[in-house]
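Below are the chains, spelled out letter by letter.
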Amino acid sequence: MRNPRRVAVASAVACVIAATAFAASASARGRHHARPSPDKPHAEFESRVAPFTLPFELPGGQYAPVAWSGIPGWADDDQLAAYKTFLVSCRSILATRKPAAADSKAIGDSLRAPCEATKTATVTVTDLAAARAFFEAQFTPWRISRLGEPEGFVTGYYEPIIDGSRTPTDIYNVPVYRRPSNLFVRGTTQATLSLPNKGDVFRKIGRRKLVPYHDRAAIEDGAIAGRGLEIVWLKSQTDLLFTQIQGSARVKLDDGSTVRINYEAHNGFPYTPVGRILIDRQIIPREQMSMQRIRQWMAENPDGGNELRRQNKSYVFFREVQLSDADEAVGAQGVPLTPNRSIAVDRLLHVYGTPFFIEGELPIETDTSKTPFRRLMIGQDTGSAIVGPARADIYLGAGAEAGKVAGRLKNPARFVMLVPKALDPTIGSKTIALPRDRPSATIAKLLPATPGTAPIVAPAVAPPVTATTVEPPKVEPAKAVPLPQARPTLEPVRVKRVPPRRPDRHHRSRPAKPRGWFW
């Protein structure tokens, strides 16, 4: 057993030694440095460096600064058209209440500053040069891509114009469903106007039981038929499939009127590209793959088309929107899209309204053409297949011609993301706290390194702190502090203990007091 009095004496001696050493160190330098820990040799250095995080991060992505002059096609693009599209996004951004917590996405809520600047800039931004100057003043360009890849990837989408009917007929017998009341997405309520295109989706049975929702095959076989969910009726399941892929459509009725439908919800199953299945089965070569080619094969192989379509278990529900024929489709940001200026991006990484400059050679004119594409785009939409930091779906407008171009776009492209000046990493890096100076030679002698740790070494020449070298104040060297004499060896003291007295049986029992000889 350890003697309490000896422990107290040893602790007091140790405190005196530590206090004396630190006092000498402080008098020599005016401040003390932590001694490295044996199990953490770099603990002293780590304690001096202030924590620093990058202003923004792209999970799974990489980015590097680029000059405006280093972006091919920047000087030739029509930034005024992009500025008008950016204004549409800004109205939505400024109308939304600023979130209380920090946004987990790359640039968070930083687009508010450029959008606030548009309130005064709109008066002067009336031509291409002024619009270009606005973007260069409010943003810094950063080339982005997936980690380890030099380029990104682009596809195209459009708004189909198809024939339909308000009532079922022999010709129009494929229903377009609105969202069922028993469909639930975790984290949302039934009052949500448009549910996210990703996440866990459930079907409610009874009062509490939740199960996965019906897949495409079950719905096509009538799992939710007869519940009054039909908006309009189309000619074929192929028309419905490609309407679901695009996310919106203009349905032309027999009386000449148009019904506009937009994405509202999905059944929770991941999207499976039917074109990829045809390539894997070696039915259509990769270089010939397009939306038109898929339609042709399905029309020529009705039974195979049904089986192929059901491989994609994902199913989309729509809502009717009150838009005229002159209005463009509405994207996930809730604003009208602009053909050739709006893109769909990964909503988990990017913020709606972010400008992206995309450059590449795309088959716009023909299937084999390499049309130069150099254009500033605005992220205003999303899609379940749009995943990654440098991945975009270009909105090309409505109608058959836009559909032809969209059907053959599947090409690599280079991305430049315009980041608000408030998040410029080159500006933020200037505020990184530098580590404190190394200790002087005097302190290094007073605090020698213990075995297994790196010694504290004073710099041979102090680096200049400014353009004019500042001489450090002269400090008198600290006197050596003698160590205390060795502690005398004490003989252990044997303590005799006496067992406690047994209480008398006629009296109440009480705890016995220890007896013996102690220091």
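Residues numbered from 1 in each chain as written. Predicted model: local features only at pLDDT ≥ 70, side-chain atom pairs only at ≥ 80, totals over all residues. Heavy atoms only, no water.

**Remarks on the packing of helix H3 (residues 79–95) against helix H4 (residues 112–121)**
Here is step 1 of the chain: As a packed pair, H3 and H4 sit with axes 9 Å apart at the nearest point and diverge in direction by 115°. In this view, H3 runs roughly perpendicular relative to H4, as classed from their interaxial angle. Seen from above, H3 lies across H4 with left-handed handedness. On the side of H3, the interface is formed by Tyr83, Phe86, Leu87, Cys90, Ile93 and Leu94, while H4 contributes Arg112, Pro114, Cys115, Glu116, Thr118, Lys119 and Ala121. (Axes fitted to C-alpha atoms, helices over the stretch in contact; angles between N-to-C directions. Helix = DSSP H or I, 4+ residues; strand = E, 2+ residues; numbered from the N terminus. Parallel < 35°, antiparallel > 145°, perpendicular 65-115°, else oblique. Left-handed = near helix turned anticlockwise from the far one by under 90°. Contact = heavy atoms within 4.5 Å.)

**With respect to the sheet that holds strand S12 (residues 316–321)**
Here is step 1 of the chain: Taken in spatial order, the four strands of this open sheet run S4-S10-S11-S12, and their pairing is mixed. Edge strands, defined here as strands with exactly one partner in the open sheet, are strand S4 (161–163) and S12. Taking each pair of neighbouring strands and ignoring which way they run, the sheet shows an average axis angle of 40°.
Here is step 2 of the chain: Here three bridges tie S4 to strand S10 (residues 248–252), and the two strands are oriented parallel to one another. (Pairing = 2+ DSSP bridges.)

**A closer look at the pairing of strand S14 (residues 355–362)**
Here is step 1 of the chain: The buried fraction of S14 amounts to seven of the eight residues, a majority that puts the element mostly inside the structure.
Here is step 2 of the chain: Inspection of the sheet shows S14 paired to strand S15 (residues 371–381) by eight bridges, in the antiparallel sense. Pairing of phenylalanine 356 across the sheet is with methionine 377, part of S15.
Here is step 3 of the chain: With four bridges connecting them, S14 and strand S17 (residues 410–420) associate as antiparallel partners. Paired with phenylalanine 357 across the bridge in S17 is valine 416. (Buried < 20%, exposed > 50% of the residue type's maximum accessible area, 1.4 Å probe, protein only.)

**Here's the deal with the pattern of salt bridges**
Any two side chains of opposite charge can pair, given that their charged atoms come close.
Here is step 1 of the chain: Overall, the coordinates contain 22 salt bridges when judged by the stated rule.
Here is step 2 of the chain: The salt bridge involving aspartate 163 is made with lysine 235; its shortest N-O contact spans 3.8 Å. With aspartate 163 in strand S4 and lysine 235 in the loop between strand S9 (230–234) and helix H7 (237–246), this pair connects stretches of sequence that are 72 residues apart.
Here is step 3 of the chain: Of the charged contacts, one joins glutamate 361 and arginine 374 as a salt bridge, the two residues approaching to 3.0 Å between their closest N and O atoms. Of this pair, glutamate 361 sits in strand S14 while arginine 374 sits in strand S15, and the two are 13 residues apart along the sequence. (Salt bridge = Lys/Arg side-chain N within 4 Å of Asp/Glu carboxyl O.)

Remember that the coordinates give geometry; whether it matters functionally is a separate question.
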